[in-house]
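# Structure assessment
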Amino acid sequence: MQRTLAILKPDCVRKNLVGKVLAHLQEAGFKIVAMKMVHLNAKTAGEFYAVHKQRPFFNDLVKFMTSGPCVPLVLEKENAIQDYRKTIGATDPAQADEGTVRKLYADSKEQNIVHGSDSPESAAYEIAHFFSNAELVDNFGA
Ligand code: GDP
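All figures in this text were calculated on a predicted structure; none of them were measured in a lab. (Residues numbered from 1 in each chain as written. Predicted model: local features only at pLDDT ≥ 70, side-chain atom pairs only at ≥ 80, totals over all residues. Heavy atoms only, no water.)

## Digging into the site of the ligand
Residues in contact with the ligand, as listed here, are K9, H52, R55, F57, L61, R85, T91, R102, K109, E110 and N112. Here H52 contributes a side-chain N or O atom positioned 3.0 Å from an oxygen atom of the ligand. Within the complex, 82% of the 550 Å² of free accessible area of the ligand lies under protein. Counted by class, the shell around the ligand contains two nonpolar, three polar and six charged residues. (Near = heavy atom within 4 Å. Polar contact = N/O pair within 3.5 Å; in protein donor to acceptor, adjacent residues only side chain to side chain. Areas by Shrake-Rupley, 256 points an atom, 1.4 Å probe, with all protein chains shown as cover. Nonpolar A, V, L, I, M, F, W, Y, C, P; charged D, E, K, R; others polar.)

Pasting the structure below:
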């Protein structure tokens, strides 16, 4: 079993799509092992996206991610990191495959509904950013 960190971004919450996206992820076989709603500030969003600090869109990204509450969650599944990336689709919804979360719901390359870890290293960093070990449950039968 592998774990990945997902975020239902502020646009997802604003558009009342939390339930639909969670259902999509559960139907794709992901088990939720942690979940909360938080409103990031510039410091916490900047730390989370530290890897993008030098990118031209960094300030816009922080502004977007602090524009409202979001829902970080830890998902578990065989091959969770890669499968989740496949389930959400490409960063830019215009490039995303049919039936993916971003193709279905995202408005733009920035406001793209969901985040997902892109490697085991980033998953470990990102899960620890939002959750303590005690907040990760064993979700066997659910
Ligand atoms: P992801 O792993 O698919 O989320 O994509 P990246 O790691 O490349 O980028 C992180 C996030 O930054 C994306 O999910 C978008 O919200 C945002 N982003 C990526 N590219 C751009 C861009 O060219 N412009 C803006 N404004 N935001 C971007």
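## Overview of the environment of L104
As for its position among the elements, L104 is in helix α6 (residues 101-105). Placed eleven residues apart in sequence, L104 and P93 show a C-alpha to C-alpha distance of 8.2 Å. Excluding anything up to four places from it in sequence, L104 contacts H24 and G99. (Helix = DSSP H or I, 4+ residues; strand = E, 2+ residues; numbered from the N terminus. Contact = heavy atoms within 4.5 Å.)

## Structural notes on the nonpolar core
Residues V21 and I113 are the most contacted members of the largest nonpolar core, which totals 21 residues. Of all elements in the fold, only β1 (2-8), α1 (10-14), α2 (18-27), β3 (71-77), α5 (80-88) and α6 reach the threshold of two or more residues within this core. Contacts of I113, omitting those with residues within four sequence positions, involve I7, L8, K9, D11, C12, K15, L17, V21, V101, Y105 and A106. (Core = buried A, V, L, I, M, F, W, Y, C linked by side-chain atoms within 4.5 Å. Buried < 20%, exposed > 50% of the residue type's maximum accessible area, 1.4 Å probe, protein only.)

## Considerations on the pairing of β1
Of all seven residues in β1, five are buried, a share of seventy percent or more. The pairing of β1 with β3 spans seven bridges and is antiparallel. Considered in β3, the bridge of A6 is made with L73. One ladder, built from three bridges, connects β1 with strand β4 (residues 114-116); its direction is antiparallel. What sits directly across from L8, in β4, is V114. (Pairing = 2+ DSSP bridges.)

## A word on the side chain of T87
Residue placement: T87 occurs in helix α5. Residue classification places T87 among the buried positions, given a relative accessible area of 15%. Here the side chain of T87 touches D83 through a polar contact of 2.8 Å, landing on its backbone oxygen.

## Some remarks on the pattern of salt bridges
Oppositely charged side chains can form a pair if their charged atoms are brought close together. Counted under the stated rule, the structure contains six salt bridges. Put simply, K36 and E135 hold a salt bridge, and the shortest N to O gap is 3.5 Å. On the criterion of sequence distance, the pair formed by K36 in the loop between β2 (31-35) and α3 (42-48) and E135 in the segment after α7 (120-130) is long-range, its members being 99 residues apart. What makes E135 partly exposed here is its relative accessible area of 36%. Between K103 and E98 there is a salt bridge, and its shortest N-O distance comes to 4.0 Å. (Salt bridge = Lys/Arg side-chain N within 4 Å of Asp/Glu carboxyl O.)

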